[in-house]
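# Notes for the structure review
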Amino acid sequence: QFDLWGSSRVPVLDRVDLDLSGRLQFVHNRATQPSYNLGLLVRPVTPLSLKLGYAYAFRLPSLAEQFADDVFTQGYAKLNPETARTLAATGSIALSDRVRARATYFHQEIDSLIQYQWNPMIYRSVPRNFDRFRSDGIDVQIDVALRRDLDVSWSAVWQDARQSSLDDGGLREAAYVPDFKWRFDAAWSGGAFDLGGSATFTAERAAFLYDGSRKTIPSVYEFDMHAGVRVVEHLRLNLS
């Protein structure tokens with residue numbers, strides 16, 4: 001695999017910039033694939049910035065998805081790459097020197113989404129390409145500097161995700177995609193020491209199994225903490 005990356009920002013008008021970035025990926029025995037991001041950035045007033053962006057991206061199937069052979073899964077070598085198209089509109093504003101907020105509306109469609117399907121003939125899960133995946137949602141984030149040495153942030157995503165199924169041509173609830181997820185982070189630094197932690201909530205997720213039944217994963221909370229100390233100039237210890 002060989003990748004070429006590039007990016008540029010071009011001023012179009014006063015307070016209006018055009019962003020363009022992307023990559024060209026060359027992979028043995030596969031067609032050359034491009035990915036790119038195109039954005040229009042507008043700053044109408046000093047604390048406010050608006051951005052309209054469009055992105056096209058692809059993901060090659062992993063080695064495990066193509067060639068796995070174990071007790072639970074079997075690979076499928078003829079998988080197609082996933083291709084995603086995303087349209088996003090973002091507004092960002094500095095409410096004060098210490099508070100900044102951002103909100104994004106996004107619409108995403110994926111062709112040939114790769115997901116595992118249970119095969120009752122071999123009693124193993126096999127990855128397959130779905131025809132279509134679609135998601136609409138809102139992503140928000142608030143960053144607050146409580147003090148010079150203490151920062152906190154909260155972010156959340158609401159989305160409605162739908163996908164086609166192998167047994168019919170319609171769209172239904174996407175497998176194991178939560179409707180709601182949030183994350184809270186805090187970080188403190190002072191002298192040679194720093195502390196931090198986060199909490200993440202993921203709402204209930206579900207999927208329809210091969211026999212038509214519905215499997216549900218309950219809501220999940222995750223917590224983590226980390227601490228660090230600079231012992232000497234070139235030595236630092238971290239615990240998480």
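Coordinates for the structure precede this section.
Residues numbered from 1 in each chain as written. Predicted model: local features only at pLDDT ≥ 70, side-chain atom pairs only at ≥ 80, totals over all residues. Heavy atoms only, no water.

## Quick word on the overall build of the protein chain
Counting its secondary structure elements, the protein chain contains one helix and 15 strands. Taken over the C-alpha trace, the protein chain has a radius of gyration of 22 Å; the compact-globule value for 240 residues is 18 Å, which it surpasses by more than 25%. Expressed along its principal axes, the backbone C-alpha trace of the protein chain runs to roughly 60 × 45 × 35 Å. For the protein chain, buried positions account for 30% of its 240 residues. Here the analysis covers contacts within the protein chain between residues at least 6 apart in sequence; of these, 48% occur between residues at least 24 apart. When the accessible area of the protein chain is evaluated, it comes to approximately 15,400 Å², of which 60% is carbon and sulfur surface. (Helix = DSSP H or I, 4+ residues; strand = E, 2+ residues; numbered from the N terminus. Rg over C-alpha atoms; globule rule 2.2 N^0.38 Å. Buried < 20%, exposed > 50% of the residue type's maximum accessible area, 1.4 Å probe, protein only. Contact = heavy atoms within 4.5 Å. Areas by Shrake-Rupley, 256 points an atom, 1.4 Å probe, with all protein chains shown as cover.)

## Observations regarding the environment of Tyr176
Looking at the element boundaries, Tyr176 is found in the loop between strand E9 (171-173) and strand E10 (180-190). Note: C-alpha distance between Tyr176 and Tyr221 (45 residues apart in sequence) is 16 Å.

## Remarks on the packing of aromatic side chains
Throughout the structure, instances matching the rule amount to ten aromatic pairs. Where Phe2 meets Phe26, the ring centres are 6.3 Å apart and the plane angle is 35 degrees; that geometry is what we call tilted. Residue Phe2 is located in strand E1 (residues 2-13), and its partner Phe26 is located in strand E2 (residues 16-26); the two are separated by 24 residues in the primary sequence. Owing to a relative accessible area of 32%, Phe26 belongs among the partly exposed residues under this scheme. (Phe/Tyr/Trp six-rings, centres within 6.5 Å; stacked < 30°, edge-to-face > 60°.)

## Remarks on the side chain of Arg124
Structurally, the position occupied by Arg124 is in strand E7 (residues 124-147). A relative accessible area of 16% places Arg124 in the buried class. Within polar-contact distance, the side chain of Arg124 engages the backbone oxygen of Asp70 at 2.7 Å. In this view, Arg124 contacts Asp69, Asp70, Val71, Phe72, Thr73, Gln74, Gln117, Trp118 and Asn119; residues no more than four positions away in its chain are not counted. (Polar contact = N/O pair within 3.5 Å; in protein donor to acceptor, adjacent residues only side chain to side chain.)

## Notes on the nonpolar core
Looking at soluble globular proteins, one finds that nonpolar side chains tend to be buried together. Ala84, Ile110, Leu113, Phe130, Phe133, Ala161, Ala174 and Val177 together form the largest nonpolar core, which totals eight residues. Those elements that place two or more of their residues in this core are strand E6 (99-119) and E7. Not counting residues within four places of it along the chain, the set of residues in contact with Val177 comprises Phe133, Gln159, Ala161 and Arg205. (Core = buried A, V, L, I, M, F, W, Y, C linked by side-chain atoms within 4.5 Å.)

## Observations concerning the pairing of strand E14 (residues 220-232)
Pairing geometry for strand E11 (residues 193-202) and E14, over ten bridges, is antiparallel. Looking across to E14, one finds that Thr200 is bridged to Glu222. Bridging between E14 and strand E15 (residues 235-239) involves five bridges; their strand directions are antiparallel. Counted as the bridge partner of Ala227 is Leu239 from E15. Hairpin connection of E14 to E15: two residues between the antiparallel strands. (Pairing = 2+ DSSP bridges.)

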